[in-house]
Amino acid sequence: MCGIFACVFCSTDSSRKEMINVLLTGLHRLEYRGYDSAGIAVDGAGPDDPIVIKEVGTIAKLENRVKEVESSDNRMKEDVHLKHSVGIAHTRWATHGPPSRENSHPHTSGPEDNFLVVHNGIITNNAVLRDMLAGYGVKFKSQTDSETVAKLIQFLYDQMIQSVPDLSFPRLVMEVLRQLEGAYAFVFRSRMYPNELIACRLGSPLVVGTKDYRGTERDVFKVNKISQYSHSSNREPAAPITPQLNLVLDKEEPCTRPDGGFRGEYLFSSDAGAIAERTDKVFYMEDNDVVHVKNGNLEVFNFHAALDDHVLSDNRIISTLPFELETIMRGSFDHYMQKEIYEQVPLTPDPEDCFFF
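Thresholds, definitions, all that
- Residues numbered from 1 in each chain as written.
- Predicted model: local features only at pLDDT ≥ 70, side-chain atom pairs only at ≥ 80, totals over all residues.
- Heavy atoms only, no water.
- Core = buried A, V, L, I, M, F, W, Y, C linked by side-chain atoms within 4.5 Å.
- Buried < 20%, exposed > 50% of the residue type's maximum accessible area, 1.4 Å probe, protein only.
- Helix = DSSP H or I, 4+ residues; strand = E, 2+ residues; numbered from the N terminus.
- Contact = heavy atoms within 4.5 Å.
- Axes fitted to C-alpha atoms, helices over the stretch in contact; angles between N-to-C directions.
- Parallel < 35°, antiparallel > 145°, perpendicular 65-115°, else oblique.
- Left-handed = near helix turned anticlockwise from the far one by under 90°.
- Nonpolar A, V, L, I, M, F, W, Y, C, P; charged D, E, K, R; others polar.
- Lys, Arg positive; Asp, Glu negative; His and termini not counted.
- Salt bridge = Lys/Arg side-chain N within 4 Å of Asp/Glu carboxyl O.
- Pairing = 2+ DSSP bridges.
- Expected span 1.5 Å × (residues − 1).
- Phe/Tyr/Trp six-rings, centres within 6.5 Å; stacked < 30°, edge-to-face > 60°.

Draft legend 1. Broad picture of the nonpolar core. Core analysis: the largest hydrophobic core is formed by 34 residues, its most contacted members being L172, L177, L180, F186 and F188. Within the residue set of this core, elements represented by two or more residues are β8 (115-123), α3 (126-135), α4 (145-160), α5 (169-178), β9 (182-190) and β10 (196-202). Here this core gets 8 residues from one element, more than from any other, and that element is α4. When sequence neighbours within four positions are dropped, the list of residues in contact with L172 reads F115, I153, L156, Y157, M160, L167 and Y193.

Here is the structure:
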């Protein structure tokens, strides 16, 4: 099954090489899930210059591909240090189309990589959306439902930016989600919104880790409930996409801190085990959550709040992971299935421990 991993460095002046190492390590921790290809996207010369690297096969092959790109792409020949940086990564288990670089994640909105997305799950109205976008002249390079989402966000951005000049990244992503049917976990990054990341989920797990270098972790993140939301469902093949322009985001006031703001990391993963090496402070996203990171601030929205207010919790509580890193490492075992077998609690006693009188 597919795996998502992403990292945001906030006010750390971290290098691109450090980001790549964090992403590749995170993907290694997700290898147990099974996969046939993998990819990463990192900042090039700056946050508006993403570099996408993908490869078929193991993470080790992706690591070799990264080295090839570092030696051939002028943007990567010199390392850069950025105040804020965003990286996303993915392991793919082929469902829509065979293993290939084109079908691997991250998927792009076009040749300029304006929007990049990694995705777990399945979009059940993919065929309808794909046909509709093709009718507008949109070209596809892969066979995946995930690329449909990448093309859709660019299409909606082009439509909405004229009517909503101050269009925010979370507002745009919520419009994308309004068009989708199925189950998903997404992480988005964009040249149009540098130093920002969006994560969202419905039916597919996603966990958020926080690591404050100053040691002043927040205990809770307030959920910003969205009003006037209406889902666009049961779309007919010929029906045009019509953005909901009246959706209002009542944003949380930025958290003011006496130490000058958050300095540290936000991490996102399909599995908490992939985060444990970096931090043990996490919260688990709930269905219809949209998490937005921008310049060190993290906000949580829930776009079904108006429909499900009676069941929606008001906060996302930070918890401490209850296990050590060693317990999730493969260790000396040949593979994770072997580890799982040998670590099973025995149900019958060892004969040598039995006494007969």
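Having seen it, we continue.
Draft legend 2. Inspection of the packing of helix α1 (residues 16-29) against helix α2 (residues 59-72) at higher detail. Close contact between α1 and α2 brings their axes to 10 Å; oriented N to C, the two are set at 165°. By the angle class used here, α1 and α2 are roughly antiparallel. Handedness of the crossing formed by α1 with α2: right-handed. Contacts between α1 and α2 involve K17, I20, L24, L27 and H28 on the former and, on the latter, I59, L62, E63, V66 and E70. Of the residues contributing to the contact of α1 with α2, the split by class is 6 nonpolar, 1 polar and 3 charged.

Draft legend 3. Structural detail: the packing of α3 against α4. Between α3 and α4, whose axes approach to 10 Å, the crossing angle comes to 45°. Considering their axes alone, α3 and α4 lie oblique with respect to each other. As for how α3 packs across α4, the hand of that crossing is left-handed. Contacts between α3 and α4 pair N126, L129, R130 and L133 from the former with D145, E147, T148, K151, L152 and F155 from the latter.

Draft legend 4. Up close: the side chain of E196. For E196, the position within the fold is in strand β10. K294 provides the closest opposite charge to the buried, salt-bridge-free E196, at an N-O distance of 4.0 Å.

Draft legend 5. Geometry of the sheet that holds strand β16 (residues 297-302). Taken together, the 8 strands give an open sheet; going across it, the order is β7-β8-β9-β10-β15-β16-β12-β17, and neighbouring strands pair in mixed fashion. A strand with exactly one partner marks an edge of an open sheet, and here the two such strands are β7 (107-108) and β17 (315-317). In the sheet, β10 pairs with strand β15 (residues 289-294) via 5 bridges, with the strands oriented antiparallel. Note that in β15 the partner of A199 across the bridge is V291.

Draft legend 6. Region of interest: α4. Its 16 residues place the ends of α4 23 Å apart at the C-alpha level, agreeing with the 22 Å of an ideal helix rising 1.5 Å per residue. Judged by how many residues are buried, α4 sits mostly within the fold: 14 of 16 residues are covered.

Draft legend 7. Focus on the pairing of strand β14 (residues 281-284). As paired elements, strand β11 (residues 207-212) and β14 share 3 bridges and run antiparallel to each other. By the bridge assignment for β14, V207 is matched with Y284. Judged from the 2 bridges that link them, β14 and strand β18 (residues 319-320) form a sheet pairing that is antiparallel. Paired with K281 across the two strands is T320, which belongs to β18.

Draft legend 8. The arrangement of the sheet that holds strand β13 (residues 264-269) in detail. The 8 strands lie next to each other as β4-β3-β6-β1-β13-β11-β14-β18, forming an open sheet whose pairing is antiparallel. Pairing within the sheet leaves two strands with one partner each, and these edge strands are β4 (50-56) and β18. Relative to strand β6 (residues 85-92), strand β1 (residues 3-10) runs antiparallel, the two being bridged by 7 bridges. Directly across from A6, in β6, lies its bridge partner I88. Contacting β1, β3 (37-43), β6 and β13, α1 crosses the sheet at an angle of about 155° to β3. Set on the sheet, α2 makes contact with β3, β4 and β6; between it and β4 the angle comes to about 135°.

Draft legend 9. Examining the pairing of β11 more closely. Within β11, 5 of the 6 residues are buried, which leaves the element mostly enclosed by the surrounding structure. Inspection of the sheet shows β11 paired to β13 by 6 bridges, in the antiparallel sense. The residue bridging T210 from the neighbouring strand is Y266, located in β13.

Draft legend 10. Spatial organisation of α3. Turning to α3, its buried residues number three or more, namely N126, V128, L129, R130, M132 and L133. Buried residues along α3 sit in contact with β8 and α4. A positive phi of about 90° marks G137, the residue just after α3.

Draft legend 11. Examining the packing of aromatic side chains more closely. Taken as a whole and assessed by the stated rule, the structure comprises 9 aromatic pairs. Arranged with centres 6.3 Å apart and planes meeting at 85°, the rings of Y157 and Y193 form a pair that is edge-to-face. With Y157 in helix α4 and Y193 in the loop between β9 and β10, this pair connects stretches of sequence that are 36 residues apart. When sorted by exposure, Y157 lands in the same class as Y193, which is buried. By the ring-pair criterion, three or more aromatic residues cluster together here, those being F115, Y157, F169 and Y193.

Draft legend 12. Just the environment of T216, in detail. One can find T216 in the loop between β11 and β12 (220-225). Residue classification places T216 among the partly exposed positions, given a relative accessible area of 39%. When the C-alpha atoms of T216 and F262 are compared, they prove to be 8.9 Å apart, with 46 residues separating the residues in sequence.

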